[in-house]
Amino acid sequence: MKIVRVTYTTKAEYSEQNQQNIRNVMNDLQRLNHPGIFYNTCMRADGKTFIHMAYFKSGEDEKLLFDLASFQYFQEQLKSSLPEAPPSQELLTLVGSSTNIFNG
């Protein structure tokens, strides 16, 4: 399993567009209903700092996300928006969970 947390801060005027781009990615992931990806995004109270948490069962599952057109568009748009704080990636190790993320 691979767990990735990405944090960044957009400019205030880009926050709503970023939220829409994230919703588009999530809609595509929900349609795929792929069992090897668990992904969510939260926003801090400032309305412009985003925290993405992605859990991948395997490298192939991670590639599936990266190959999504909506995810590529999200990344391109975020980069071109010149965020206040660029994306910072952190790899994590799961210690425990209230649910079984990948059912086995």
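Refer to the structure printed above.
Worth saying up front: this structure is predicted, and the values here are computed from it rather than measured.

What follows deals with the pairing of strand E3 (residues 49-56). The two faces of a sheet get side chains in turn, since along a regular strand they alternate between them. Most of E3 sits out of view: 7 of its 8 residues are buried. Note: strand E1 (residues 2-9) against E3, 8 bridges, orientation antiparallel. Within the sheet, the bridge partner assigned to Tyr8 lies in E3 and is Phe50. Across 7 bridges, strand E2 (residues 37-43) lies against E3 in antiparallel orientation. Counted as the bridge partner of Asn40 is Met53 from E3.

Positioned with a positive phi, Asn33 is a non-glycine residue whose angle comes to about 50°. Take Asn33: it is sitting in the loop between helix H1 (15-32) and E2. Judged by its relative accessible area of 64%, Asn33 falls in the exposed class. Positive phi values are uncommon outside glycine, yet Leu82 reaches one of about 55°. With respect to the helices and strands, the residue Leu82 is situated in the loop between helix H3 (69-80) and strand E4 (85-92).

Taken as a whole and assessed by the stated rule, the structure comprises 4 aromatic pairs. For the pair Phe38 and Tyr55, a centre-to-centre distance of 5.5 Å together with 65° between the ring planes defines the contact as edge-to-face. With Phe38 in strand E2 and Tyr55 in strand E3, this pair connects stretches of sequence that are 17 residues apart. Phe38 gets classed as partly exposed once you look at its relative accessible area, which sits at 39%. Residue Tyr55 is classed as buried on the basis of its relative accessible area, which comes to 14%. Aromatic rings pair up to connect Phe66, Phe71 and Phe74 into one cluster.

Let's shift gears to the pairing of E1. Alignment of E1 against E4, held across 6 bridges, turns out to be antiparallel. In the strand pairing of E4, Thr9 is matched with Ala85.

What follows concerns the packing of helix H2 (residues 59-67) against H3. Close contact between H2 and H3 brings their axes to 5 Å; oriented N to C, the two are set at 65°. As judged from the angle between their axes, H2 and H3 are roughly perpendicular. Only Ala69, Phe71 and Gln72 of H3 make contact with H2, whose side of the interface consists of Leu65, Phe66 and Asp67. Classifying every residue of the contact of H2 with H3 gives 4 nonpolar, 1 polar and 1 charged.

Parameters at a glance
- Residues numbered from 1 in each chain as written.
- Predicted model: local features only at pLDDT ≥ 70, side-chain atom pairs only at ≥ 80, totals over all residues.
- Heavy atoms only, no water.
- Buried < 20%, exposed > 50% of the residue type's maximum accessible area, 1.4 Å probe, protein only.
- Helix = DSSP H or I, 4+ residues; strand = E, 2+ residues; numbered from the N terminus.
- Pairing = 2+ DSSP bridges.
- Phe/Tyr/Trp six-rings, centres within 6.5 Å; stacked < 30°, edge-to-face > 60°.
- Axes fitted to C-alpha atoms, helices over the stretch in contact; angles between N-to-C directions.
- Parallel < 35°, antiparallel > 145°, perpendicular 65-115°, else oblique.
- Contact = heavy atoms within 4.5 Å.
- Nonpolar A, V, L, I, M, F, W, Y, C, P; charged D, E, K, R; others polar.

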